[in-house]
Amino acid sequence: MVTDSVGGQEQLSGCSAAITQGCRQPLYQNLTKVLCSIEASTKDSLLTKGRIAELVRASGLAYTRAVQHGTNLSIYGEEAAWMLSRAYGGKNGLWQVPAQLECALQQLSSNRIQHSLTIGTFSGWTDIFMTAILRRFAPSPSEYTHLTVDVISATVQSCVQRTLRNLNVTRLVLGDPPLVNRPEDSQLLPGRRFMRCTNRTSMRAGCSMRDLVAHNGVLRDSATGRELLRLRHVYDLCFIDGDHSYQAVNNDFEGLRGVCRTFLFHDIINAPRVGNLSTTLFWLETAAGKWQQPGRYAYSTVECTQQPAGSDGQLMGLGIVDVSRWRPSSF
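Summary of the structure given here. This one's a predicted model, so the numbers in the text were calculated from it and none came from an experiment.

Cut-offs used in this document
Residues numbered from 1 in each chain as written. Predicted model: local features only at pLDDT ≥ 70, side-chain atom pairs only at ≥ 80, totals over all residues. Heavy atoms only, no water. Phe/Tyr/Trp six-rings, centres within 6.5 Å; stacked < 30°, edge-to-face > 60°. Helix = DSSP H or I, 4+ residues; strand = E, 2+ residues; numbered from the N terminus. Buried < 20%, exposed > 50% of the residue type's maximum accessible area, 1.4 Å probe, protein only. Lys NZ or Arg CZ within 6 Å of the ring centre and 35° of its normal. Core = buried A, V, L, I, M, F, W, Y, C linked by side-chain atoms within 4.5 Å. Contact = heavy atoms within 4.5 Å. Disulfide = S-S within 2.5 Å.

On to the packing of aromatic side chains, then. Tallying each qualifying case throughout the model produces ten aromatic pairs. Where Tyr28 meets Trp125, the ring centres are 6.2 Å apart and the plane angle is 40°; that geometry is what we call tilted. Taken together, the residues Tyr28 in helix H3 (residues 26-40) and Trp125 in helix H7 (residues 125-134) connect sequence positions 97 residues apart. When its relative accessible area of 8% is taken as the criterion, Tyr28 is described as buried. Among the aromatic side chains, those forming a connected cluster through ring pairs are Phe253, Phe263, Phe265, Phe282, Trp283 and Trp291. The ring of Tyr297 carries Arg257 above its face, with NZ or CZ at 5.4 Å from the centroid.

Below, the structure written as structure tokens:
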């Protein structure tokens, strides 16, 4: 049990009070126990094989009715035993394969990550878990910061919002109404027009974060506009997990390429479920060296694609781009 590894109920209670601030539902109390366990564990113990995966399972995987093609078996395979109750829907829990997230976080633990960013927050659970782990390995853990960016806020529950704030995570929601960001690539889909970003607040199709800053005249009187102007010039980690269309992932990467030392991409082998023009195609091109520029931009890649027993072998996948040479640019 996670509670046993923390070292006593007294320690849990103090940690719980600091993190949740009144979230008493059993679902969030269990998440808090995991966060307290992470805080109380030594860094060496967190890197022990299987430990992070165990903590992911203890937090709970997001519920899904999705099944493997032609069967009634969960896409999670044997990891389905760790799904949260159907009553919680898909807005709680981590949309992750435990072994994959462990692989990625172990790789990232040595990258001296102090400031990180996520594109595509959804429920916020993965941001909570990643922040709790990575800040333990930061050069200055108490000053670790994380920014989440999304187009809609409704999927982040109130207790998750509180937990994010208490972990020094800033939420930035772009769009009211929510942004539309599903541009089509005319080269990949002949006859379909690529939608370009405009400065109309009602339609932001094709807009990247860089575009939004360029159109800051529209946003200058809003909290969103002021927040965008305070974006850091350099982030140690950028997690891309928003719109999964090929062009949207490409836009996010292009917009952040001179800003991020390390990238993490989700769903790099999920093509059968999210469409061939997806993160999968983008990842194949990136791993093949599409963005390498001798003397200007160089990187290495790591894939975390471990599959649960009993799955169809095509579930999610995390890809790391570790940039070794670059020329920083600001928004």
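From this point on, the discussion continues.
The subject of this paragraph is the nonpolar core. Counting 49 residues, the largest nonpolar core has Phe129 and Leu264 as its most contacted members. Counting only elements with at least two residues in this core, the list comes to H3, helix H5 (51-59), helix H6 (98-108), H7, helix H8 (158-166), strand E4 (237-240) and strand E7 (318-325). The element contributing the most residues to this core is H7, with seven residues. Those residues in contact with Leu264 that lie beyond four places of it in its chain are Ala104, Leu108, Met130, Leu237, Cys238, Phe239, Ile240, Leu318, Gly319 and Ile320.

Before going further, it helps to examine H7. With ten of ten residues buried, H7 is to be regarded as a mostly interior element. Taken together, the buried positions of H7 are Trp125, Thr126, Asp127, Ile128, Phe129, Met130, Thr131, Ala132, Ile133 and Leu134.

What follows deals with the state of the cysteines. This structure, assessed with the given rule, holds two disulfides. One disulfide in the model links Cys103 with Cys304; its S-S distance is 2.1 Å. With the S-S bond torsion at -65°, the cross-link from Cys103 to Cys304 turns out left-handed. Taken as a pair, Cys103 in helix H6 and Cys304 in strand E6 (residues 298-304) lie far apart in primary sequence, 201 residues in all. Across the pair, Cys304 and Cys103 agree in class, each one buried. At a sulfur-sulfur separation of 1.9 Å, the disulfide partner of Cys238 is Cys260. Taking the sign of the torsion about the S-S bond as the criterion, the disulfide between Cys238 and Cys260, at about -65°, is left-handed. Taken together, the residues Cys238 in strand E4 and Cys260 in the loop between helix H12 (246-256) and strand E5 (262-266) connect sequence positions 22 residues apart. By relative accessible area, which is 0% here, Cys238 ends up buried.

Moving on, we get to the environment of Glu54. One can find Glu54 in helix H5. As for Glu54 and Ala99, which are separated by 45 residues in sequence, their C-alpha atoms are 8.8 Å apart.

Everything listed here is a matter of geometry and, on its own, says nothing about what the molecule does.
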